[in-house]
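# Descriptive structure summary
Okay, here's what each chain looks like letter by letter:
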Amino acid sequence: MSELESFRAEVRAWLECNCPMSMRTPLTAEQVVWGGRHESFINPEARLWLERMVERGWTVPRWPKQYGGAGLDAAHEQVLREELDRIDARPPLIAFPLWMLGPALLEFANEEQKRFHLPRIARGEIRWCQGYSEPGAGSDLAAVQTRAEDRGDHYLVNGSKIWTSYADKSDWMFCLVRTDPSVRKQEGIGFLLIDMQSPGISVAPIRLISGASPFCQVFLADVKVPKHQLVGRPNQGWSIAKRLLEYERKWFSELDQSRIGHIVGVGGASVALPALAKEYLGETAGRIADEAIRAELIAHDIDEMALQATLLRIDERARASGVDDGSMASVFKYYGARLYKERHELMMKIMGTRALGWQDEPFTATELDITRHWLRSKGNSIEGGTSEIQLNIIAKRLLELPD
Ligand SMILES: Cc1cc2nc3c(=O)[nH]c(=O)nc-3n(C[C@H](O)[C@H](O)[C@H](O)COP(=O)(O)OP(=O)(O)OC[C@H]3O[C@@H](n4cnc5c(N)ncnc54)[C@H](O)[C@@H]3O)c2cc1C
């Protein structure tokens, strides 16, 4: 038996003993474990499942052991994923720092910061939010004005962040701040880690048309942030911010197939379109009755498979070369967002006015859910950098077209 085969056997046996049966059932939105100081674990077995996976370092299998990972290589991680999928195991933790902030810290943080923050991220102890956008800095992110003044042993931070998802539920925020207003805007930015309980921080929720909104505006008034919470050099923040955005953009394009895609009722990704079409449009001889919709669903399916195959191919190339330059992240983000929105438009076509649910009217819970997520899907081509900005990046960096 090869080493990889015996690892598979070991993983399979371990999962058999350690993955609780309720953690092998479809994950509902209410039962997602986002982590953080206020995580309530509606299902107590979810806590047990997380603790067991943490013990093995399998919430972040590729990270080095000293930072809470298992130090696995790509091939072993793939085996682990396959074995988890084989028993339909729920992700023990869904927290974007696992895929975005953590990798950026691994690359840019000092040893002390890594030892402090990475294991806490791996264990899901801290919930993070992303303090990038400001009222005057969205697509032009380098224009951030939130100011961090050097006051000896700390920075004094003043300003405001907007569209900060789940800031009201977060324990810490990673934040772009202006450390030097006198130089070119990209050169005067710092990357600060801020405890949301620091005096001077206030959070105001923002309401959205869908009726359910994670958005907040964060106000920072004379917030003292210890100097050791700056990642990298004082003016290195822009490089860190861009690298983190590459992780974020790649992550978005994988949503459908991986982690979040498995959650029942999240993003509509879990809705099987052919079954939905048969339910609302009827069927003839086992096939969707409406030929035009049938053709559109097939085309959409092929596009989704093509995206996933391309993601796998680029991942394998990066693993083989040992270099993940992130240059394809914008392509994946752009195309992933397009497909995700298309998926929701298809649901609209299939369901007609039944997909335009209104609370307190006679709509089913699923119909209301689909309406909410159709509205939410509009944000996919905005969050993490708009589609227009991705096209600009592709034109400049990948195609090397002139300005
Ligand atoms: C669901 C969601 C979650 C989010 N979560 C967070 C979060 O947690 N933290 C955070 O910091 N931010 C978050 N954001 C904010 C997001 O990053 C910004 O909305 C985004 O970067 C766009 O900035 P803006 O809204 O200021 O739009 P603007 O930058 O004002 O853009 C307006 C329009 O102009 C276009 N445009 C702008 N510049 C150019 C250009 N050079 N070329 C071509 N077109 C251009 C844009 O594409 C867009 O269509 C979130 C947004 C959404 C929708």
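Predicted model, so just to flag it, every value in this text is computed and none were measured.

What follows is about the state of the cysteines. This structure, assessed with the given rule, holds 0 disulfides. You can see C17 has no disulfide; the closest cysteine sulfur is in C19, sitting 11 Å from it. Under the relative-accessibility criterion, C19 is labelled buried at 3%.

A few words now on the side chain of Q217. Mapped onto the elements of the fold, Q217 is located in strand β8 (residues 216-226). Among the residues examined, Q217 registers a relative accessible area of 18% and is labelled buried. Within polar-contact distance, the side chain of Q217 engages the side chain of S160 at 2.8 Å. When neighbours within four sequence positions are excluded, Q217 is seen to be in contact with P135, S160, K161, I162, S202, V203, A204 and I206.

Around the ligand lies a shell of 18 residues, among which Q130, S133, S139, T386 and E388 are the nearest. Y132 has a polar backbone atom sitting 3.0 Å from an oxygen atom of the ligand. Contact between the ligand and S133: an oxygen atom at 2.6 Å from a main-chain N or O atom of the residue. Across the complex, the protein chains shield 64% of the 980 Å² of accessible surface that the ligand would expose by itself. Ranked by residues supplied to the shell around the ligand, first place goes to helix α11 (residues 387-398) with 3 residues. Per-class residue counts for the shell around the ligand are 5 nonpolar, 10 polar and 3 charged.

Further remarks concern the domain arrangement of the chain. The domains assigned to the chain are domain 1 (3-94), domain 2 (128-235) and domain 3 (255-398). On a C-alpha basis, the centres of domain 1 and domain 3 stand 26 Å from each other.

With that settled, the discussion passes to the pattern of salt bridges. Enumeration over the complete set of coordinates arrives at 23 salt bridges. Among the ionic pairs, D195 bridges to R37, the shortest N-O distance being 3.9 Å. Here the residue D195 occupies a position in strand β6 (residues 189-195), and R37 occupies one in the loop between β1 (27-28) and α2 (44-56), the gap between them amounting to 158 residues. On the basis of relative accessibility, which here comes to 18%, the residue D195 falls in the buried class. For E246, the salt bridge goes to R243, with nearest N and O atoms at 2.5 Å. Within this pair, E246 and its partner R243 are both found in helix α6 (residues 237-254), separated by 3 residues, close to a single helical turn. Of the two residues, E246 and R243, neither departs from the other in class, the shared state being buried.

Our next topic: a nonpolar patch on the surface. Where nonpolar side chains cluster on the molecular surface, the patch consists of I298, I302 and M305 and spans about 310 Å² of accessible area. Relative to the helices and strands, M305 resides in helix α8 (residues 291-321). Of the residues examined, M305 reaches a relative accessible area of 54% and is grouped as exposed.

With that out of the way, let us pick up the pairing of strand β5 (residues 172-178). Both faces of the sheet carry side chains from a regular strand, because those side chains alternate between them. Within β5, 7 of the 7 residues are buried, which leaves the element mostly enclosed by the surrounding structure. The side-chain alternation of β5 yields two buried faces, one formed by W172, F174, L176 and R178 and the other by M173, C175 and V177. Sheet topology places strand β2 (residues 128-131) next to β5; 4 bridges connect them, and they run parallel. In the strand pairing of β5, C129 is matched with M173. Here 7 bridges tie β5 to β6, and the two strands are oriented antiparallel to one another. Counterpart to F174 in the pairing with β6 is L193.

This part takes up the packing of helix α1 (residues 3-18) against α2. A pair of packed helices is captured by two measures, namely the crossing angle of their axes and the spacing between those axes. Their axes nearest at 11 Å, the elements α1 and α2 cross at an angle of 155°. Between α1 and α2, the crossing angle belongs to the class labelled roughly antiparallel. You can see that α1 and α2 cross each other, and the crossing is right-handed. Across the interface between the two elements, E10, W14, L15, C17 and N18 from α1 touch W49, R52, M53 and R56 from α2. Residues of the contact of α1 with α2, tallied by class, amount to 5 nonpolar, 1 polar and 3 charged.

Tracing the chain through its elements places N43 in the loop between β1 and α2. A polar contact of 3.2 Å, which involves the side chain of N43, links it to the side chain of S22. Setting aside residues no more than four positions away along its own chain, N43 makes contact with S22, M23, Q31 and R90.

Here is what the cut-offs are and how they apply
- Residues numbered from 1 in each chain as written.
- Predicted model: local features only at pLDDT ≥ 70, side-chain atom pairs only at ≥ 80, totals over all residues.
- Heavy atoms only, no water.
- Disulfide = S-S within 2.5 Å.
- Buried < 20%, exposed > 50% of the residue type's maximum accessible area, 1.4 Å probe, protein only.
- Helix = DSSP H or I, 4+ residues; strand = E, 2+ residues; numbered from the N terminus.
- Polar contact = N/O pair within 3.5 Å; in protein donor to acceptor, adjacent residues only side chain to side chain.
- Contact = heavy atoms within 4.5 Å.
- Near = heavy atom within 4 Å.
- Areas by Shrake-Rupley, 256 points an atom, 1.4 Å probe, with all protein chains shown as cover.
- Nonpolar A, V, L, I, M, F, W, Y, C, P; charged D, E, K, R; others polar.
- Domains from an automatic or database assignment.
- Salt bridge = Lys/Arg side-chain N within 4 Å of Asp/Glu carboxyl O.
- Patch = residues over 30% accessible without salt bridge, like charges linked within 9 Å, V, L, I, M, F, W, Y side chains within 5 Å.
- Pairing = 2+ DSSP bridges.
- Axes fitted to C-alpha atoms, helices over the stretch in contact; angles between N-to-C directions.
- Parallel < 35°, antiparallel > 145°, perpendicular 65-115°, else oblique.
- Left-handed = near helix turned anticlockwise from the far one by under 90°.

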